Amino acid sequence: GLLTLMGMTQRQMRGMVFLENGIIALAALIAGLGLGILFSKLFFLAVAALLGTGETIPFALPPLAIGGTVAAFIGLFLAVNVVSLLGVRTSSITELLKAHRGPKHAPKRRPLLLLLGLGLLAGGYYLAWTTTGETFVKNTLPILALTIGGTYFIVTQGSVLLFGWLRKRTGFYLRGTNVLVVNRLLFRLVDTARVIFVSAILIAVVGSALGGFNSLLQGARRISLDEYAYALAVGLTPDADATAAEGRIIDYLKGAGLSGIKSQAIPYFHGSKEPDLAVSATSYNRAAEIVDNLGPVTVGRGEALFVLNRTATSTGGPPAMETVAITPNPEAESVSFKVIQAMARPWLSGARAVIVLSDADFAALHAQAENRGTWLGFEYAGWENRPELAGEINGVLGASRLTMIAARVDLYQSLRQSGALTMFIGLFIAGLFFVIAGSLIYFKLFTEVNDDRAQYAILNDIGLTRKE
């Protein structure tokens, strides 16, 4: 306003604003890139230590990251310039000179917006509470929209209605300095409502993200147990001696210092046209004795239970099936069974699904089947800390006798590593978000310090004591 009064043209004003913002943006960009490059090696060392990789991540200066940072800052620089220039161009000299001394209008009360905010926030939290792993992707954006919208209306209207209610309580409002306190707080909170709203959202995003990352990290064991029925599953070829193989593996596990060892040998077959394995109800119930989340089953003649592994049902529940057909060999006819239940359970074997038949039906088809075999299931304490066991089983039995080998610890370690990396990135971003929230609050309050000093001087002149 002063520069315009002194004769500066709009073109000169735009050039000055553009130059000021440009210098600030350039300094921030150079300092940020310089410090980022300087500390990137330390950052890589911290990542490697957190993930426990034992390897040093090589130092690099990726052009894509540097170019993306420069492009983002140029975009922000242009946006800030547009906002600044529009504010100057649309204001008269009088408005510019009195920008910080203009009278403040009393905020309007809008109770319906507060009710809308409460409803949106309640809806967002309810949707978050009822979200499952299958609906997470679908519900994320609606939850964000509901909670952000609800927070905005509550923050902007809540203080107006609260202090409006206090002003009507004359016994409280007119006592001592309450009239000053209530009015100052009302205008202060309305002025800073958007800053409070943005800070609240930033902190909520950080808290939710870190909570989610930590849940993934801490839930790795539970997820692994849900996915893999056995700590170690071994598939044997038809010519392998299942009893001898089971004994050799048990001896090896004991020799490795493991305790609480439980094992099972489960005969199976699969049809010449069907990839799914078939087992007897007795074998399945024997597996349920050491696998907590299987549960015993009862299957009658002509009936079948369809058990799909959880990984195969990650995008939905088990398929709706009425019958399932099994062809024991190319010369035999298909035999149909009524599916009494289809369910998702932990991964039992190398197949996508397991068909559970009655003992009599299984025995009849097993005798005709040409694709037969046995899988061995082992459970033992401390499986989380022994990733090397699965690879060493090849040496114990010989790879020629194995059709499949899988260890629960592989998934567990994968989840832990990915969770640790995500947690590290989350903490890093959280630090940035907290700096942003703190900066918003700090600069908003900093701009009001001079106004506060002037107001306190006036209050002192009209008789308020220092204590008041």
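Scope of this entry: the structure provided in the associated data block.

What counts and how
Residues numbered from 1 in each chain as written. Predicted model: local features only at pLDDT ≥ 70, side-chain atom pairs only at ≥ 80, totals over all residues. Heavy atoms only, no water. Helix = DSSP H or I, 4+ residues; strand = E, 2+ residues; numbered from the N terminus. Contact = heavy atoms within 4.5 Å. Areas by Shrake-Rupley, 256 points an atom, 1.4 Å probe, with all protein chains shown as cover. Pairing = 2+ DSSP bridges. Axes fitted to C-alpha atoms, helices over the stretch in contact; angles between N-to-C directions. Parallel < 35°, antiparallel > 145°, perpendicular 65-115°, else oblique. Left-handed = near helix turned anticlockwise from the far one by under 90°. Nonpolar A, V, L, I, M, F, W, Y, C, P; charged D, E, K, R; others polar. Salt bridge = Lys/Arg side-chain N within 4 Å of Asp/Glu carboxyl O. Buried < 20%, exposed > 50% of the residue type's maximum accessible area, 1.4 Å probe, protein only. Polar contact = N/O pair within 3.5 Å; in protein donor to acceptor, adjacent residues only side chain to side chain. Core = buried A, V, L, I, M, F, W, Y, C linked by side-chain atoms within 4.5 Å. Patch = residues over 30% accessible without salt bridge, like charges linked within 9 Å, V, L, I, M, F, W, Y side chains within 5 Å. Expected span 1.5 Å × (residues − 1). Arc of directions from axis to C-beta. Phe/Tyr/Trp six-rings, centres within 6.5 Å; stacked < 30°, edge-to-face > 60°. Lys NZ or Arg CZ within 6 Å of the ring centre and 35° of its normal.

### Overview of the overall build of the chain
Moving on, step 1. Tallying secondary structure elements over the chain gives 16 helices and 9 strands in all.
Moving on, step 2. Across the chain, the fraction of contacts at a sequence separation of at least 24, relative to all contacts at a separation of at least 6, is 78%.
Moving on, step 3. Looking at the chain as shown, the accessible area adds up to about 27,500 Å², and 64% of this sits on carbon and sulfur atoms.

### Brief notes about the sheet that holds strand β5 (residues 323–326)
Moving on, step 1. The 9 strands are arranged β5-β6-β4-β7-β3-β2-β8-β1-β9 in an open sheet whose pairing can be described as mixed. Only two strands of the sheet have a single partner each, and these edge strands are β5 and β9 (402–407). Shown here is a sheet whose adjacent strand axes are inclined to one another by a mean of 35 degrees, direction ignored.
Moving on, step 2. Relative to strand β7 (residues 353–357), strand β4 (residues 303–309) runs antiparallel, the two sharing 5 bridges. Its bridge partner lying in β7, A304 is registered against L357.
Moving on, step 3. Helix-sheet contacts for helix α11 (residues 242–255) involve β1 (232–236), β2 (262–270) and β8 (372–379), and the interaxial angle to β8 is about 20 degrees.

### Details of the packing of helix α8 (residues 178–191) against helix α16 (residues 449–461)
Moving on, step 1. One can describe the packing of α8 onto α16 by two numbers: an axis separation of 14 Å at closest approach and a directional angle of 165 degrees. Between α8 and α16, the angle is such that the two are roughly antiparallel. Where α8 crosses over α16, the two elements pack in a sense that is right-handed. The residues of α16 that touch α8, namely those facing L180, R184 and R188, are D452, Q455, Y456 and L459.
Moving on, step 2. In the contact of α8 with α16, the residues fall into 3 nonpolar, 1 polar and 3 charged.

### Notes on the pattern of salt bridges
Moving on, step 1. What the rule picks out here adds up to 2 salt bridges.
Moving on, step 2. In this structure, D361 engages R301 in a salt bridge whose closest nitrogen and oxygen atoms are separated by 2.9 Å. With D361 in helix α13 (residues 359–368) and R301 in the loop between α12 (281–288) and β4, the pair connects residues that are 60 residues apart, well separated along the chain.
Moving on, step 3. Residue classification places D361 among the buried residues on the basis of a relative accessible area of 9%.
Moving on, step 4. Between R408 and E379 there is a salt bridge, with its nearest N and O atoms 2.8 Å apart. Residue R408 is located in helix α15 (residues 408–446), and its partner E379 is located in strand β8; the two are separated by 29 residues in the primary sequence. Residues R408 and E379 agree in their burial class; the two are buried.

### Looking at the packing of helix α10 (residues 220–227) against α15
Moving on, step 1. For the pair α10 and α15, interaxial distance at closest approach is 9 Å and the crossing angle is 145 degrees. The two elements α10 and α15 meet at a crossing, and its hand is right-handed. From α10, A220, R221, I223, S224, L225 and E227 reach across to α15, where they touch R408, L411, Y412, L415 and R416.
Moving on, step 2. Of the residues assigned to the contact of α10 with α15, the class counts are 6 nonpolar, 1 polar and 4 charged.

### Points about the side chain of T151
Moving on, step 1. Mapped onto the elements of the fold, T151 is located in helix α6 (residues 136–168).
Moving on, step 2. The exposure class of T151 is buried, given its relative accessible area of 15%.
Moving on, step 3. Polar contacts involving the side chain of T151 include one to the main-chain carbonyl oxygen of T147, which spans 2.6 Å.
Moving on, step 4. The contact partners of T151, leaving out residues within four places of it in the chain, are L121, F197, A200 and I201.

### Description of the nonpolar core
Most often, soluble globular proteins keep nonpolar side chains buried together rather than apart.
Moving on, step 1. Membership of the largest hydrophobic core comes to 27 residues, with the highest contact counts inside it found for L232, V234, L236, I249, F378, Y380 and L397.
Moving on, step 2. Listing elements by their share of this core, those giving two or more residues are β1, α11, β8, α14 (389–397), β9 and α15.
Moving on, step 3. Looking at this core, the element that brings in the most residues is α11, giving 6 residues.
Moving on, step 4. Core analysis: the next-biggest nonpolar cluster, separate from the first, contains 24 residues, I266, A288, V297 and W375 among them.

### A few points about a nonpolar patch on the surface
Moving on, step 1. Where nonpolar side chains cluster on the molecular surface, the patch consists of L35, L38, F39, L42 and L45 and spans about 520 Å² of accessible area.
Moving on, step 2. Note that L38 resides in helix α2 (residues 10–51).

### Looking at helix α5 (residues 111–130)
Moving on, step 1. Taking 1.5 Å as the rise per residue, α5 with 20 residues should run 28 Å; its terminal C-alpha atoms sit 29 Å apart, in good agreement.
Moving on, step 2. What α5 keeps buried is the set L114, G117 and G124. End-on view of α5: buried residues confined to an arc of 90 degrees, all on one side of the axis. Along α5, exposed side chains directed more than 90 degrees from the buried face belong to L112, L115, Y126 and W129.
Moving on, step 3. Taken together, the buried residues of α5 touch α6.

### What to know about α14
Moving on, step 1. Inspection of α14 places L389, A390, I393, V396 and L397 among the buried residues, and these make up the whole buried set. Down the axis, α14 shows its buried residues gathered within 90 degrees of arc, on one side only.
Moving on, step 2. Contacts from the buried residues of α14 go to β1, α11 and β9.

### Here we look at the packing of aromatic side chains
Moving on, step 1. By the definition in use, this model includes 7 aromatic pairs.
Moving on, step 2. Between the aromatic rings of F18 and F77, the centroid separation amounts to 5.1 Å while the plane-to-plane angle is 65 degrees, which identifies the pairing as edge-to-face. One end of the pair, F18, is in helix α2; the other, F77, is in helix α3 (residues 63–89), and 59 residues separate them in sequence.
Moving on, step 3. Accessibility expressed as a relative area gives 14% for F77, which makes it buried.
Moving on, step 4. Between Y152 and F197, the ring centres sit 5.1 Å apart and the planes meet at 80 degrees, which makes this aromatic pair edge-to-face. Highlighted residues: Y152 in helix α6 and F197 in helix α9 (residues 193–218), separated in sequence by 45 residues.
Moving on, step 5. Exposure remark for Y152: the relative accessible area of 27% places this residue in the partly exposed category.
Moving on, step 6. Here the aromatic cluster, defined as three or more aromatic residues joined through ring pairs, consists of Y152, F153 and F197.
Moving on, step 7. Its guanidinium or amino end placed over the ring of W383, R408 lies 4.8 Å from that ring's centre, counting from NZ or CZ.

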